[in-house]
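The primary structure of each chain is shown beneath.
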Amino acid sequence: MTIRVVVADDQELVRSGFAMILQAQPDIEVVAEAGDGAEAVEAVRRHAPDVVLLDIRMPRVDGIKAARTVCAESDCKVVMLTTFDQDDYVYEALHAGASGFLLKDVRRDDLVHAVRVVVAGDSLLAPSVARRLVADFTRRAVAVPATGPSEELGALTARERETLVLLGRGLSNAEIAAELVVSEHTVKTHVSNVLSKLGLRDRIQAVICAYETGLIARGG
C-alpha cells in the first residue's frame, strides 16, 4: 500500500524539504504541495490523500480552518506543523479534528514514522507531548463549547471509563497497563472500545473528550 500525502506550508523551503524526505520513501507518494490552507483543501478534494500535513499559520485560510474542512469532508488524516512552545493554537487544531502535530524541526526519521503511524490509526503524540498538551489546555482553559458525547459516557464500562481518564492524563498504553494491572493487549482493546462507543477518531480526541465531558476537571 502506498501512502498518499499532501504537504501544505507557506514557506517553500519547509514544504519542499518535507516533500523531498517523504517522496524518498518507497511506500510514500507526495501527490501535491500547497502554499496556503485554501490550496490544501482543494488538493485534498482533488487527490484524496491518506494524510495532509498542514502548517497552522498560513495566509488566506489558516491550518485550523483547513483542518476543520478536511476532517468534515473526508477520512484524510490531518497532521499539523507547528512550533509548540510558541504556538497558541495547538489545542484548537486538535479540536478541529487533527490527529496530532509535528514540530517543524522534526527529525527526518520521525517525520516518516509519524506519517505511517497516523495512517495506521495509532497515536501520533508521544506521551510526554500529550502531557504538555493537557497541561496547556488546563492552564489556559480554552473557552470551547462542551459538545463532547457526555451523555454517551454511560455506554462505557467501569474499566473503559478508567481507561479514558488515564488517556486524558496522557498515559501511554504501557503506563495504562501498569496502572490497571492488565496486559497492553487488554488496554488496546479498552482504547478501541472507548473510541468506537464515543465515535472518536483517535486517542487525541479521547484526551479532549475526557476534559470536555467533565470526566477530568480542567483545573484538576
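Heads up: the structure comes first, above all this text.
Reading the values: the criteria
Residues numbered from 1 in each chain as written. Predicted model: local features only at pLDDT ≥ 70, side-chain atom pairs only at ≥ 80, totals over all residues. Heavy atoms only, no water. Pairing = 2+ DSSP bridges. Helix = DSSP H or I, 4+ residues; strand = E, 2+ residues; numbered from the N terminus. Axes fitted to C-alpha atoms, helices over the stretch in contact; angles between N-to-C directions. Contact = heavy atoms within 4.5 Å. Buried < 20%, exposed > 50% of the residue type's maximum accessible area, 1.4 Å probe, protein only. Right-handed = clockwise from strand over helix to strand, strands pointing away.

A. Inspection of the sheet that holds strand S4 (residues 77-82) at higher detail. Spatially, the 5 strands line up as an open sheet ordered S2-S1-S3-S4-S5, and their pairing is parallel. Because the sheet does not close on itself, it has two edges, and the strands there are strand S2 (28-34) and strand S5 (100-103). Here the average twist between neighbouring strands, direction ignored, is 25°. Pairing analysis gives 4 bridges linking S4 to S5, with the strands arranged parallel. Counted as the bridge partner of Val 79 is Gly 100 from S5. Most of the contacts of helix H1 (residues 12-23) go to S2, to which it runs at about 165°, and overall it touches strand S1 (3-8), S2, strand S3 (51-55) and S4.

B. Spatial organisation of the pairing of S2. The buried count for S2 comes to 5 of 7 residues, which makes it a mostly enclosed element. As paired strands, S1 and S2 are joined by 6 bridges and run parallel to one another. Opposite Val 6, over in S2, you have Ala 32 as the bridge partner. For the crossover that starts at S1, traverses H1 and ends in the parallel S2, the hand is right-handed.

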